[in-house]
Protein chains: 2
Amino acid sequence: MSRQAPTLEDVARVAGVSRATVSRVINGVRNVDPGIQEVVRQAIERTGYAPNRAARSLVTRRSQTVALIVSGAGDTPGEEQNAFAARVFADPFFGRVVSGVVGYLRPRSMHPLLMFAESAETRSQVLADLRQGSADGALVVSTHADDPLPALLADAGVPTVLFARPSRPVRLSYVDLAHREGARLAAEHLLNRGCRRIVTVTGPLGVAASQDRLAGFRDTMARGGHPYVPVAEGGFTLDSGMAAMSGLLAEHPDVDGVFAANDLMAQGVCQLLRERGRAVPDDVAVVGFDDSSVAVTCRPPLTTVRQPVEEMAAAMAALLDEHVRGVRTEPTSLIFDPELVLRASA
Amino acid sequence: MSRQAPTLEDVARVAGVSRATVSRVINGVRNVDPGIQEVVRQAIERTGYAPNRAARSLVTRRSQTVALIVSGAGDTPGEEQNAFAARVFADPFFGRVVSGVVGYLRPRSMHPLLMFAESAETRSQVLADLRQGSADGALVVSTHADDPLPALLADAGVPTVLFARPSRPVRLSYVDLAHREGARLAAEHLLNRGCRRIVTVTGPLGVAASQDRLAGFRDTMARGGHPYVPVAEGGFTLDSGMAAMSGLLAEHPDVDGVFAANDLMAQGVCQLLRERGRAVPDDVAVVGFDDSSVAVTCRPPLTTVRQPVEEMAAAMAALLDEHVRGVRTEPTSLIFDPELVLRASA
DNA sequence: GCCCCGGGATAGAGCGCTCTCCCCGGCCGT
DNA sequence: ACGGCCGGGGAGAGCGCTCTATCCCGGGGC
């Protein structure tokens, strides 16, 4: 920046006190004479002093930064590195995560360091960065089941909080949604609406959340007198939703209700139904999951199960902060309640 | 992390050499005897050494981090801080920017630090962070014209590169698209297709890019014998696209071609046209701009002007890197060429 | 009047790294 | 044979901050 940034020393000289006193004023620690405090404050003002982050980090062993890691399983080998990032952020879900995380971090003047780990190579890169102290801890959002990163982080002793329960148990904190509960809301709504031939499009069944949503849906359907629910597995994408619905429709042409495990697939379901001449919601009612932005832009707008992603992300950051500060040492899980949002599709 | 991370000193002791030598091996500087090099490398392996970033930053005065700042004009006063972040990332455009930036940074083991500046308060916060050396420079994506941040950064002497030419001139590098050129492609395509009653939905006219796209479109239309083009201003959102098209349709019911200044608005245009009983592309041809992910998911898929966002973002990072390293000192602009992508909508 | 006490300030020792300066020894030129 | 040069290595001075140990000094207890 300018030729030579002022240091604590400079401020101390101007204020006529010692470095230590200035430091105490800045960090608001121990009793400092109010008069001197004022003098120091003015000196800071006058010199335009800004504390050097690196120097502070060196002694405090804190970087005031957390890594926000988007982690894939490396299932798309030929894929360009960056394509992963683009694909990830194409999903409005991540925007909401970022939003929640930043909401917590910013008032504490911390920032998220964005990292992507979608291959063995990038994973060890991320691990190395963390061990170098680039960040005080990690917030991990996995896009796939069987993501090896959480275990690696746990082994390395990096304070970590996950978004969603990992499919293989790891001694790490996480936040998650009561997925079964959400599926129950969807099932009850469809049932109350009078639907009788109900099918569901699940997420990838390797993902715990998909399993839970399916299980919750089936339970409630069974309790409502529907022991059998046709199922098709999707991949959380629009295309996979269309494909899954296409299959279901072929076998069950009289379907009148669909529960899709996320909004993107619900959109695909709607599109396919329209292409096949079914009106939504008049012929077939469709319920999505997430309440993401596509739920609103979709025609018709989706009735969906809201996942409070921003709050969950903020809680994730708060949890990590506690771990980093050492206030909390044991892994903890925080489960959030979903909510049914009524729109036009069901 | 673990109880006590190994330091250079530890490695040096194990290898039986001095700190300086180990440092040289790690940074690959000056000639070191290959034999000793090997010994040091093994010592690093054995101790599990990872250089401390803070210590290194302190002396090199480099953080190996760049700030990726999304900057708004603070036009939505009542808005929650985080809502801004969510809104921003709802636009697939930013995902592509992140992708491009990360593509450049990662091979150099640098990371983007995510920051948002949408109010006077957060702007000065960002500025303070940068002055503290949290990042070596700033990559700025403004969502609004009249964004005061670029000027502030320039004044503070922070190495900065902007995405898109600022509406008020600032001594800062930027990357941008040849917007007029892109609009020309759209106009020519519509004309070649045989459209005769063509209208356009522009972006917010305070934004230079919107102006340029409009100007380029008008020029080409004029050159093609269409001196007058009905115009409606939108806000780059789906809703604003629908609203703008609604107005245009009322005044020009016989419209047969539309150029929308981005894909989101083009999607809105398509939706409105369908609601009003017009078929796309049979009754009305629609051309978008950006080639964002909605261009693909939209029904029908959009013919659009591709903006090579990832490349532009990568170039932005590269430019910043040069500024930071001092290789380049003068502000520079890099203009990229657009490309017409043909799909179903026109 | 002396001693002890404690609030308020300072001195100075690092934190872990880089980098400049210096030293050593072998090889060349004259 | 000797001095200079140069490749390869070491010693040590910081970078700017925090924090512990220490000091100073005024006041209260006996």
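As the structure is a prediction and not an experimental result, all values here were calculated from the model.

Caption draft 1: Summary view of the relation of the copies chain B and chain A. In screw terms, the move from chain B to chain A is a rotation of 180° and a rise of 0.0 Å along the axis, fitting with an RMSD of 0.1 Å. In short, the pair behaves as if placed about a two-fold rotation axis.

Caption draft 2: Spotlight on the UniProt feature "domain: HTH lacI-type" (unreviewed entry) in chain A. Summarizing the sequence annotation, UniProt attributes the feature "domain: HTH lacI-type" (unreviewed entry) to residues 6-60 of chain A in the numbering used throughout. Secondary structure content for residues 6-60 of chain A is 71% helix and 0% strand, and the end C-alpha separation is 21 Å.

Caption draft 3: Geometry of the protein's contact with DNA strand D. Close to DNA strand D lie 27 residues, the nearest being A:Leu8, A:Tyr49, B:Thr21, B:Arg30 and B:Arg61. Close to the protein, within 4 Å, the atoms of DNA strand D are drawn from sugar and phosphate at a rate of 60%. With respect to DNA strand D, the backbone of A:Asn52 contributes an N or O atom lying 3.0 Å from a phosphate oxygen. With respect to DNA strand D, the side chain of B:Arg19 contributes an N or O atom lying 3.1 Å from a base nitrogen. Only α2 (19-27) and α4 (53-60) of chain A together with α2 (19-27) and α4 (53-60) of chain B provide two or more residues apiece to the surface near DNA strand D. Residues belonging to the surface near DNA strand D are distributed by class as follows: 13 nonpolar, seven polar and seven charged.

Caption draft 4: A look at the domain arrangement of chain A. Looking at chain A, the domain boundaries give domain 1 (8-51), domain 2 (65-177 + 309-338) and domain 3 (179-306). Between the C-alpha centres of domain 1 of chain A and domain 3 of chain A there is a distance of 62 Å.

Caption draft 5: Geometry of the protein's contact with DNA strand C. In the vicinity of DNA strand C, 29 residues are found, and the nearest of them are A:Thr21, A:Arg24, A:Arg61, B:Leu8 and B:Tyr49. Each atom of DNA strand C within 4 Å of the protein was assigned to sugar, phosphate or base; sugar and phosphate come to 59%. In the model, a phosphate oxygen of DNA strand C is placed 2.7 Å from a nitrogen or oxygen of the A:Ser18 side chain. For DNA strand C, a phosphate oxygen lies 2.8 Å from a polar atom in the side chain of B:Ser23. Elements with a minimum of two residues in the surface near DNA strand C: α2 and α4 of chain A together with α2 and α4 of chain B. By residue number, the principal contributor to the surface near DNA strand C is α4(B), which donates five residues. Within the surface near DNA strand C, the residues separate by chemical class into 13 nonpolar, eight polar and eight charged.

Caption draft 6: Focus on the interface of chain B and chain A. Each partner contributes to the interface: chain B provides 52 residues, whereas chain A provides 51 residues. Summed over both sides, the interface of chain B with chain A buries roughly 4600 Å², with 58% coming from carbon and sulfur. The interface formed by chain B and chain A holds four salt bridges in total. Residue A:Arg106 pairs with B:Glu118 through a salt bridge whose shortest N-O separation is 3.1 Å. Taken together, the connections running from chain B to chain A amount to 18 residue pairs in polar contact (both at pLDDT 80 or more). Residue assignment for the side of chain B that touches chain A shows that the elements contributing at least two residues are α4, α5 (81-90), α6 (92-105), β2 (111-117), α7 (120-131) and α12 (263-275) of chain B. If you tally residues by element for the side of chain B that touches chain A, the top one is β2(B), at seven residues. Counted by class, the side of chain B that touches chain A contains 26 nonpolar, 18 polar and eight charged residues.

Caption draft 7: Quick look at the sheet that holds strand β7 (residues 231-233) of chain B. Residues and elements named next belong to chain B. Pairing in this open sheet of six strands is mixed, and the strands run β7-β6-β8-β9-β10-β12 from one edge to the other. Of all strands in the sheet, those bounded by a partner on one side alone are β7 and β12 (339-341). When the angles between neighbouring strand axes are averaged without regard to direction, this sheet yields 20°. Bridge count for strand β10 (residues 303-306) against β12 is three bridges, and the pairing is antiparallel. Residue Arg306 lies in a different strand from β12, and its bridge partner there is Glu339.

Caption draft 8: Examining the packing of aromatic side chains more closely. Scanning the model with the defined rule gives ten aromatic pairs over all chains in all. Considering the side-chain rings of B:Phe93 and B:Phe94, the 5.2 Å spacing of their centres and the 90° angle between planes classify their relative orientation as edge-to-face. For B:Phe93, a relative accessible area of 16% gives the class buried. Here B:Phe94 falls in the buried class, since its relative accessible area comes to 8%. Ring geometry for B:Phe259 versus B:Phe289: centroids 6.1 Å apart, planes at 55°, classification tilted. Of this pair, B:Phe259 sits in strand β8 (residues 257-260) while B:Phe289 sits in strand β9 (residues 285-290), and the two are 30 residues apart along the sequence. Feature note: the residues A:Phe93, A:Phe94 and A:Phe163 constitute an aromatic cluster, connected by ring pairs. Sitting above the plane of the B:Tyr104 ring, B:Arg108 keeps its charged end 3.7 Å from the centroid. Above the face of the B:Phe289 ring, B:Arg213 is positioned so that its terminal group lies 3.9 Å from the ring centre.

Caption draft 9: The arrangement of the pairing of strand β9 (residues 285-290) of chain A in detail. Residues and elements named next belong to chain A. Buried residues dominate β9, accounting for six of its six residues. With three bridges joining them, strand β8 (residues 257-260) and β9 adopt parallel strand pairing. Bridge pairing in β9 places Gly257 opposite Ala285. Once the chain exits β8 it traverses helix α12 (residues 263-275) before rejoining the sheet at β9, and the crossover so formed is right-handed. By the bridge criterion, four bridges tie β9 to strand β10 (residues 303-306) in an arrangement that is parallel. In the sheet register, Asp290 faces β10, and the bridge partner there is Arg306.

Caption draft 10: A look at the UniProt feature "domain: HTH cro/C1-type" (unreviewed entry) in chain A. UniProt's feature table lists "domain: HTH cro/C1-type" (unreviewed entry) at residues 7-33 of chain A, given in the numbering used throughout. As annotated, residues 7-33 of chain A comprises 63% helix and 0% strand, and the C-alpha atoms at either end are separated by 22 Å.

Caption draft 11: Structural detail: helix α14 (residues 309-325) of chain A. Residues and elements named next belong to chain A. Here α14 spans 24 Å end to end across 17 residues, near enough to the 24 Å set by a 1.5 Å rise per residue. What α14 keeps buried is the set Val309, Met312, Ala313, Ala315, Met316, Ala317, Leu319, Leu320, Asp321, His323 and Val324. Packing partners of the buried residues in α14 comprise β1 (65-71), α6 (92-105), β3 (137-142), β4 (160-163), β5 (173-177) and β11 (333-336). Phi for Gly326, located one or two positions after α14, is positive at around 80°.

Caption draft 12: Quick look at the packing of α6(B) against helix α14 (residues 309-325) of chain B. Residue and element names in this part refer to chain B. Interhelical geometry of α6 versus α14 gives an angle of 45° and a closest axis separation of 7 Å. By the angle class used here, α6 and α14 are oblique. Here the hand of the crossing between α6 and α14 comes out right-handed. Between α6, through Phe93, Arg96, Val97, Ser99, Gly100, Val101, Tyr104 and Leu105, and α14, the contact on the second element is made entirely by Val309, Glu310, Ala313, Ala314, Met316, Ala317, Ala318 and Asp321. Classifying every residue of the contact of α6 with α14 by side-chain character gives eleven nonpolar, two polar and three charged.

Calculation notes
- Residues numbered from 1 in each chain as written.
- Chains lettered and ligands numbered in written order.
- Predicted model: local features only at pLDDT ≥ 70, side-chain atom pairs only at ≥ 80, totals over all residues.
- Heavy atoms only, no water.
- Least-squares fit on C-alpha atoms with pLDDT ≥ 70 in both.
- UniProt positions renumbered as here; feature names shortened; annotations may be inferred.
- Helix = DSSP H or I, 4+ residues; strand = E, 2+ residues; numbered from the N terminus.
- Near = heavy atom within 4 Å.
- Polar contact = N/O pair within 3.5 Å; in protein donor to acceptor, adjacent residues only side chain to side chain.
- Nonpolar A, V, L, I, M, F, W, Y, C, P; charged D, E, K, R; others polar.
- Domains from an automatic or database assignment.
- Contact = heavy atoms within 4.5 Å.
- Buried area = accessible area lost by both parts, 1.4 Å probe.
- Salt bridge = Lys/Arg side-chain N within 4 Å of Asp/Glu carboxyl O.
- Pairing = 2+ DSSP bridges.
- Axes fitted to C-alpha atoms, helices over the stretch in contact; angles between N-to-C directions.
- Phe/Tyr/Trp six-rings, centres within 6.5 Å; stacked < 30°, edge-to-face > 60°.
- Buried < 20%, exposed > 50% of the residue type's maximum accessible area, 1.4 Å probe, protein only.
- Lys NZ or Arg CZ within 6 Å of the ring centre and 35° of its normal.
- Right-handed = clockwise from strand over helix to strand, strands pointing away.
- Expected span 1.5 Å × (residues − 1).
- Parallel < 35°, antiparallel > 145°, perpendicular 65-115°, else oblique.
- Left-handed = near helix turned anticlockwise from the far one by under 90°.

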